[in-house]
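Below, each chain spelled out in residue letters.
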Amino acid sequence: APKKELAPGDAFQYTLVLENDGNTQLDNVRINDVLPSGFSYSDTGSAKRIWSIGTLFAGETRTIQYDATIGKDVLAGSYESTATASAQDVVRQRARVSVQVRAPKVLGATTAMPSTGADWRLPALFSLAISLILTSLWGMARSRRFELSA
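Residues numbered from 1 in each chain as written. Predicted model: local features only at pLDDT ≥ 70, side-chain atom pairs only at ≥ 80, totals over all residues. Heavy atoms only, no water.

Colleague: What exactly am I supposed to notice about the overall build of the chain here?
Modeller: Looking only at helices and strands, the chain features one helix and eight strands. Ordered by position from the N terminus, the helices and strands of the chain form the series β-β-β-β-β-β-β-β-α. Across the 150 residues in the chain, those meeting the buried criterion constitute 24%. The long-range fraction of contacts in the chain, counting pairs at least 24 apart against all pairs at least 6 apart in sequence, stands at 67%. Within the structure as shown, the chain displays about 11,100 Å² of accessible surface, and the carbon and sulfur contribution to it stands at 55%. (Helix = DSSP H or I, 4+ residues; strand = E, 2+ residues; numbered from the N terminus. Buried < 20%, exposed > 50% of the residue type's maximum accessible area, 1.4 Å probe, protein only. Contact = heavy atoms within 4.5 Å. Areas by Shrake-Rupley, 256 points an atom, 1.4 Å probe, with all protein chains shown as cover.)

Colleague: Just checking my understanding: could you explain the environment of Gln13 for this structure?
Modeller: Turning to its location among the elements, Gln13 is positioned in strand 2 (residues 11-19). On the accessibility criterion, Gln13 (40% relative accessible area) is partly exposed.

Colleague: In this structure, what is going on with the pattern of salt bridges? I would like to understand it.
Modeller: When the charged atoms of two side chains lie near each other, side chains of opposite charge can form a pair. What the rule picks out here adds up to three salt bridges. Salt-bridge contacts for Arg49 lead to Asp43; the nearest nitrogen and oxygen are separated by 2.8 Å. Look at Asp43 and you get exposed, because its relative accessible area is 58%. Between Glu80 and Arg96 there is a salt bridge, with the nearest N and O atoms lying 3.2 Å from each other. With a gap of 16 residues between them, Glu80 in strand 7 (residues 77-87) and Arg96 in strand 8 (residues 90-101) connect regions that are remote in the sequence. (Salt bridge = Lys/Arg side-chain N within 4 Å of Asp/Glu carboxyl O.)

Colleague: Which parts of the structure should I look at to understand the sheet that holds strand 4 (residues 39-41)?
Modeller: Adjacent strands of a sheet pair through backbone hydrogen bonds, lying either parallel or antiparallel. On the basis of which strands lie adjacent, the open sheet formed by three strands has the order 2-6-4 and antiparallel pairing. Looking at which strands have only one partner, the edges of the open sheet turn out to be strand 2 and strand 4. Averaged over all pairs of adjacent strands, the angle between strand axes in this sheet comes to 40 degrees, irrespective of strand direction. Examined bridge by bridge, strand 2 and strand 6 (residues 61-70) share nine bridges and lie antiparallel to one another. (Pairing = 2+ DSSP bridges. Axes fitted to C-alpha atoms, helices over the stretch in contact; angles between N-to-C directions.)

Colleague: Whenever I open this one, the environment of Gln65 confuses me. Can you help?
Modeller: The residue Gln65 is located in strand 6 in this model. C-alpha of Gln65 to C-alpha of Tyr14: the two residues are 51 residues apart in sequence and 5.7 Å apart in space. When near neighbours in sequence (up to four residues on either side) are disregarded, Gln65 contacts Gln13, Tyr14 and Thr15. Within the structure, Gln65 has its side chain in polar contact with the side chain of Thr15 (distance 3.3 Å). (Polar contact = N/O pair within 3.5 Å; in protein donor to acceptor, adjacent residues only side chain to side chain.)

Okay, structure coming up:
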């Protein structure tokens, strides 16, 4: 199994171990491996692979190692890979392994907005000045109307 936490774009190695712990040989042994969505075999780019093992004798063990890559668009979360072993006249056996994908850290990134150089007080003063001008103009217009009415 790969290291516990990986990031999008990481490559890592899976190891499949087949063991015939019975007392008879297994014929036509095959492994069907399906990677999680967004993962691929590093050598082919596909997400599914079938290995034809052939005969696995009683007590025999075979190991398959391969490299996989996590797609750059894979979101953080837990992903499960499933491998299924089958053989002639034998019930299929399934193994699963989980891979934890973490969100990548962007160096130098910040959630705070940078200062733009504008002071918040400038728009407030501008608004206050406009308000005073409008009040004065309204007052002058009222006065004129009053004068005109008188």
